[in-house]
Every structure is written in structure tokens, then in C-alpha cells.
Amino acid sequence: MDDMKMIWRDSLESVDWSELSALYLAAPLGIKPANNLKTVFSNSMFRCFAYDDGRLVGAGRVLADGADCAYLCDVAVLPSHQGTGLGKAIVRRLVALSQGHQKIILYAVPGKEDFYRGLGFHSMNTAMAIFKDEAAAIAKGYIADR
């Protein structure tokens, strides 16, 4: 990754929400409508956007309570920039912003566990979730069928 030409922003002021939605679709992390992204990024304590020559190529955010728990989520990189170290740079920036918390958690897209292990994350024995669309979560490998 050529960090010299990458522009990093954490402000929401100049975010094109449709461009961010297209990034998640291309990454591919699924359909995330622009209005939903505006809501979740606005409600996140930390966020990071990476621009290459004015084009949004990576993003991520952290939901956090300011002391105990920070949840790193929605890390996405355009396919053209995957494998360049940009994803690692986004995660490292978000982890650095979250350092005052007792724990930083995330759940990864199935198959990306080694990527996050390489950045210091550990598997949890007791992580559990309730998904709005349980069948889709099972199909995508996020949870085991009961």
C-alpha cells in the first residue's frame, strides 16, 4: 500500500453514503443501504475512511462505550486494494483509537479469522449472537445450525 497517496479521514462531513454503500457491495460484504450506513457510522465512536486519488477504497468503524467495550466492525476494502495492506492499516488505526477500552471485540466474515489473528485478536469461547435473519447467518457460516 502506498501510504503517501492514501488520504485518511475520520469525519463524516464529506462521506458520500452511496459510495460507501457501493464499497460494501464490492468488498463483498453485502447490501448495506446508504441511509443505514449514515446511521451506524454516525452512532460509532470511531471511524476511518481511506481515499486513493479521491476515491473511497476502504472504511471501518468502532462502536464503543468509552471505557469497557469497543466493537470493531464493518471493515471493508475495495477488491482493487485488497492484499495491499490497507485492511490491516484500517484495523490498526481503529484498534489504536480504541486502546482505552478493556476489550476490543469483533466478529469476522467466515474465512477471515487468520487475518484478524495476525492483528492480535483471539477466538472467544463464549461469543454468542442473535441474528435477525438466522437462516442467512447459518447459510453464510456465521453460526452453526442448532
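Calculation rules
- Counting starts from 1 at the beginning of each chain's written sequence and moves along it residue by residue.
- The predicted nature of this model means local features are confined to residues of pLDDT at least 70 and side-chain atom pairs, given and counted, to a pLDDT of 80 or more, with totals for whole chains, interfaces and linings taken over all residues.
- The side-chain quantities take in all heavy atoms of the structure and omit both hydrogens and water.
- For helices, the axis comes from a line fit to the C-alpha atoms of the stretch in contact; other axes are also lines fit to C-alpha atoms, and the angle between any two N-to-C directions lies between 0 and 180 degrees.
- Here a strand is any run of E in DSSP of at least two residues, a helix any run of H or I of at least four, and the numbering for each starts at the N terminus.
- Note that the term roughly parallel is reserved for angles under 35 degrees, roughly antiparallel for angles over 145, roughly perpendicular for angles of 65 to 115, and oblique for everything else.
- We call two residues in contact when some of their heavy atoms are within 4.5 Å.
- Think of it as three bins: nonpolar holds Ala, Val, Leu, Ile, Met, Phe, Trp, Tyr, Cys and Pro, charged holds Asp, Glu, Lys and Arg, and polar takes everything else, Gly as well.
- Any residue with an atom within 4 Å of a point lines the site, the site being either a cavity, points on a 1 Å grid over the protein atoms alone where a 1.4 Å probe fits but cannot get out, or a pocket, an open set with protein on both sides within 12 Å along at least 5 of 7 lines.
- Grid points are joined across faces, edges and corners, and a volume is the space filled by probe spheres set on the points.
- Salt bridges are identified by distance alone: a Lys or Arg side-chain nitrogen within 4 Å of an Asp or Glu carboxyl oxygen.
- Per-residue accessibility, obtained with a 1.4 Å probe over protein chains only, is compared with the maximum for each type, and a residue is labelled buried under 20%, exposed over 50%, and partly exposed between these values.

Draft legend 1. Representation of the packing of helix 1 (residues 17–26) against helix 2 (residues 34–42) in the model. The geometry of helix 1 relative to helix 2 is characterised by a closest axis approach of 8 Å and an angle of 100° between their N-to-C directions. One finds that helix 1 runs roughly perpendicular with respect to helix 2. Residues Trp17, Ser18, Leu20, Ser21 and Tyr24 of helix 1 form the contact with helix 2, whose participating residues are Ala34, Leu37, Lys38 and Phe41. Looking at the contact of helix 1 with helix 2, its residues break down into six nonpolar, two polar and one charged.

Draft legend 2. Structural context of the layout of surface pockets. Taken as a whole, the largest pocket spans an internal volume of roughly 1300 Å³. For the largest pocket, the lining is made up of 41 residues, of which Leu29, Lys32, Asp74, Val109 and Tyr142 are closest to its centre. Of the residues that constitute the lining of the largest pocket, the class distribution is 25 nonpolar, eight polar and eight charged. Quantified by volume, the second largest pocket comes out at close to 730 Å³. In terms of lining, the second largest pocket is formed by 21 residues, of which the most central are Leu106, Tyr107, Ala108, Met124 and Ala127. Among the elements of the structure, strand 5 (103–105) and helix 4 (113–117) are those that each provide at least two residues to the lining of the second largest pocket. Looking at the lining of the second largest pocket, the element that brings in the most residues is helix 4, giving three residues. Taken together, the residues that form the lining of the second largest pocket break down as 16 nonpolar, three polar and two charged.

Draft legend 3. Geometry of the pattern of salt bridges. Applying the stated criterion across every chain yields a total of five salt bridges. Ionic pairing is found between Lys5 and Asp52, a salt bridge with its closest N-O pair at 3.7 Å. Here Asp52 lies in strand 2 (residues 46–52) and Lys5 lies in the segment before strand 1 (6–9), a separation of 47 residues in the sequence. Salt-bridge contacts for Asp74 lead to Lys32; the nearest nitrogen and oxygen are separated by 3.0 Å. Of the two residues, Asp74 sits in strand 4 (residues 69–77) while Lys32 sits in the loop between helix 1 and helix 2, which places them 42 residues apart along the sequence. Taking the relative accessible area as the measure of exposure, Asp74 reaches 16% and is therefore buried. Residue classification places Lys32 among the partly exposed positions, given a relative accessible area of 23%. The structure contains a network of salt bridges with shared partners spanning Lys32, Arg61 and Asp74.

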